[in-house]
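Below are the chains, spelled out letter by letter.
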Amino acid sequence: MTKVAMRKVLWVVLWTATMCAAEESTADKQEEAAGDLEKAAENKALALHRLDSLSLLVYTLLLVVAVLTVWLFKHRRFRFIHESGLTLFYVTVLAIFSDMGVESDMFALVFGESVLNDAVAIILAGTIDQYIPSAQSENLTFDIPALLSAIIRFFTILFGSFTLGAVVGCSSALLTKFTKIADYPLLETSLFLLLSYVSFLLAEFVEMTGIVAVLFCGICQAHYTYNNMSEESQLRTKQFFEVLNFLSESFIFSYIGVSMFVSHSLNWDFAFVIAALAVIVIARAAHVYPLSLLLNVKRRPKIPRNHQHMMLFSGLRGAIAFALAIRNTSTSQRQIIYTSTSVIVIVTVIINGGLTAWMIDLLRIRHGTDGAQDIPPQFQLDNEDTRSSVESEQVQSGMNPWDKSFLPRKWYNFDANFMKPLLTHATPTLMDTMPAFCMPLARMLTTTEQMTLSAGRNQRTNSAQEASAMDDRIMENPLSRGHIV
């Protein structure tokens, strides 16, 4: 081998060794960089975890303070300022009504109005967000086709969400009626909660409104499913939702208070806030008084004037309004709406919520023991036997002391004769209320428990009728009465 060849070989070997060393150095640097990157990612994740934990800790401590504040106000029994006025978290007017034992008619009016308002507000806000004028009407101030499309969409989502929630709620009633799951309270309670959540997720999947669906699902479950559950499951479910409701509302309104100081989406327009406060009061009055006047044409008993004033005063803005305002704050106009909504929520909670008890006394609305005795005189019965007899007749006729107008009476009649016997263990059974040609189907949909209850009910009715007939014969025949004496 020549010297030139040797030099080439040595050069190749040297070059190869150098490249290998360089590659090893590069690999080491890459591994070191990867290790540094992984360590940085871990440090970032740890920092985010600590920040999230701190946020949750702050809100949890706020809830602790809220609970203690509520206890203090209830313990000291401050009369003119309800606990919602100073803790700055939401306690609904309905909760105050319940605590004070306000008469049932007042409670029902405010409850029905609040439920309907929430449902309409959610769907209407979504409809307005998706309102898109047609391309041909860019220069027009008003687009009739787009408006009609929005109206159709509104009613489609409203009734679609209502139907979906009602179907899921009635399905849960059928499951609890025709299964023996009541023997296992834990499973029964779990089924109740999971089916409630199913209605929400299903509505969101089909592009309806989950909140409205779960609202009507809950109404159906409270009216039907709850009556099929065991006493232990009823107690568990009621306590669970009470705690969940209290903590959720407290958290939401604690969040509203905190966001007023730390949010970066605030855009203040004091003129708009004042105008909005005035408009919502005027708009509520423009709805409450004319609609009450219209209802009083056929309603018995009529809605009294002090109830109408209380309905006007009960117009709190709360979690629904705040949630609808905060979901999109991308523009300055939306930021103004978000800021104004937050202010209105806080103001109405402090003023309306805090002075509700005082307003009830000022308007002389019955509450406490007076509110519990709000059944009209013609429906006040003297003894248990007469009360049971009349209640039985009311179930058959669809009349009861709380029916106010034509539609509620018709619905009560349909509900008592068909819906409750179908979805619960209530009597009379479908075998008693459905036509004779439907008897096989009615028998299939009637449980053994219903038949047992129906037999006992019929026996009590027959005994009462025999006793009544005996009394009539005794009163008509003095000799028999003297003989018995």
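In this text the structure is predicted, and so the values were computed from the model without any measurement.

Enquirer: Looking at this model, I keep getting lost on the overall build of the protein chain. Mind explaining?
Expert: Per the secondary structure count, the protein chain includes 20 helices and zero strands. Relative to its 485 residues, the protein chain shows a buried fraction of 33%. Of all intrachain contacts in the protein chain linking residues separated by at least 6 positions in sequence, the fraction that spans at least 24 positions is 68%. About 30,800 Å² of surface is accessible on the protein chain, with carbon and sulfur atoms providing 67% of the total.

Enquirer: Explain the environment of F240 to me, please; I cannot follow it from the model alone.
Expert: Among the structural elements, F240 can be located in helix 8 (residues 231–262). Taking the C-alpha atoms as reference points, F240 and L193, 47 residues apart in sequence, are found 9.7 Å from one another.

Enquirer: Explanation requested: the confidence of the model for the protein chain in the structure shown.
Expert: Interpreting fine coordinate detail is not advised for predicted regions of low pLDDT. Chain-level statistics for the protein chain give a pLDDT mean of 77 and a share of 73% at 70 or above. Helix 6 (residues 185–205) holds the highest mean pLDDT among the elements of the protein chain, 93, whereas helix 15 (residues 384–397) holds the lowest, 39. The low-confidence segment residues 79–90, where pLDDT is below 50, has 44 contacts with residues more than four positions distant or belonging to other chains. Per-residue pLDDT stays below 50 along residues 375–399; that stretch engages in 29 contacts with residues further than four places along the chain or on separate chains.

Enquirer: Help me out: how do you make sense of the UniProt feature "transmembrane region" (unreviewed entry) in the protein chain in this one?
Expert: Feature annotation in UniProt places "transmembrane region" (unreviewed entry) on residues 56–73, 80–100, 106–125, 146–174, 194–219, 240–258, 270–289 and 336–360, given in this structure's numbering. In the segment residues 56–73, helix accounts for 100% and strand for 0%; the C-alpha atoms at its two ends are 26 Å apart.

Enquirer: Looking at this model, I keep getting lost on the pattern of salt bridges. Mind explaining?
Expert: Opposite charge on two side chains allows them to pair when their charged atoms are near. Tallied over the entire structure, the rule returns three salt bridges. For the salt bridge of R284 with E113, the shortest nitrogen-to-oxygen distance reads 2.7 Å. With R284 in helix 9 (residues 270–295) and E113 in helix 4 (residues 104–129), the pair connects residues that are 171 residues apart, well separated along the chain. Judged by relative accessible area, which is 11%, R284 ranks as buried.

Enquirer: Looking at this structure, how should I read the packing of aromatic side chains?
Expert: Think of a pair of aromatic rings as described by two things: how far the centres are apart, and how the planes are tilted against each other in angle. On inspection of all chains with the given rule, the structure shows 15 aromatic pairs. Aromatic side chains Y59 and Y255 sit 6.0 Å apart centroid to centroid with 35° between the ring planes, which places their arrangement in the tilted category. Placement of the pair is Y59 in helix 1 (residues 3–76) and Y255 in helix 8, with a sequence separation of 196 residues. For Y59, a relative accessible area of 15% translates into the label buried. Measuring from centroid to centroid gives 4.8 Å for F162 and F216, while their planes differ by 85°, and the two rings are edge-to-face. Pair noted here: F162 is in helix 5 (residues 144–178) and F216 is in helix 7 (residues 210–228), with a separation of 54 residues, a long-range link. When its relative accessible area of 35% is taken as the criterion, F162 is described as partly exposed. For F216, a relative accessible area of 18% puts it in the buried group. Counting every residue linked through ring pairs, the aromatic cluster contains Y59, F251, Y255, F322 and Y338.

Enquirer: Which parts of the structure should I look at to understand the packing of helix 4 against helix 7?
Expert: Between two packed helices, both the angle of their axes relative to each other and the distance between the axes serve to describe the pair. The geometry of helix 4 relative to helix 7 is characterised by a closest axis approach of 9 Å and an angle of 155° between their N-to-C directions. In terms of orientation, helix 4 and helix 7 fall into the roughly antiparallel class. The element helix 4 and its partner helix 7 pack so that their crossing is left-handed. Within the contact between the two elements, helix 4 uses V115, A119, I122 and I123 and helix 7 uses I211, V212, L215 and I219. Looking at the contact of helix 4 with helix 7 residue by residue, the classes come out as eight nonpolar, no polar and no charged.

Enquirer: What is the right way to look at unusual backbone geometry in this model?
Expert: Trans is the prevailing form of peptide bonds, just as negative phi is the prevailing case for residues other than glycine. Cis rather than trans, the peptide bond between T427 and P428 has omega equal to 0°. With phi around 60°, R364 is a residue other than glycine that occupies positive phi space. Residue position: R364 is located in the loop between helix 13 (356–362) and helix 14 (369–372). Under the relative-accessibility criterion, R364 is labelled exposed at 74%.

Enquirer: Explanation requested: the nonpolar core in the structure shown.
Expert: In a soluble, globular protein the nonpolar side chains are often hidden away together inside. If you look at the biggest cluster of nonpolar residues, it comprises 26 residues, and the most contacted ones within it are F97, V102, M106, M310, I360 and I365. Secondary structure elements with two or more residues in this core: helix 3 (93–100), helix 4, helix 8, helix 10 (305–313), helix 12 (332–353) and helix 13. The dominant element in this core, judged by the number of residues it contributes, is helix 3, at five residues. The residues touching V102, leaving out its near neighbours within four places in the chain, are F97, I360, I365, R366 and H367. With eight residues, the next largest nonpolar core counts A119, F154, I157 and F216 among its residues.

What counts as what
Residues numbered from 1 in each chain as written. Predicted model: local features only at pLDDT ≥ 70, side-chain atom pairs only at ≥ 80, totals over all residues. Heavy atoms only, no water. Helix = DSSP H or I, 4+ residues; strand = E, 2+ residues; numbered from the N terminus. Buried < 20%, exposed > 50% of the residue type's maximum accessible area, 1.4 Å probe, protein only. Contact = heavy atoms within 4.5 Å. Areas by Shrake-Rupley, 256 points an atom, 1.4 Å probe, with all protein chains shown as cover. pLDDT = per-residue confidence, 0-100. UniProt positions renumbered as here; feature names shortened; annotations may be inferred. Salt bridge = Lys/Arg side-chain N within 4 Å of Asp/Glu carboxyl O. Phe/Tyr/Trp six-rings, centres within 6.5 Å; stacked < 30°, edge-to-face > 60°. Axes fitted to C-alpha atoms, helices over the stretch in contact; angles between N-to-C directions. Parallel < 35°, antiparallel > 145°, perpendicular 65-115°, else oblique. Left-handed = near helix turned anticlockwise from the far one by under 90°. Nonpolar A, V, L, I, M, F, W, Y, C, P; charged D, E, K, R; others polar. Core = buried A, V, L, I, M, F, W, Y, C linked by side-chain atoms within 4.5 Å.

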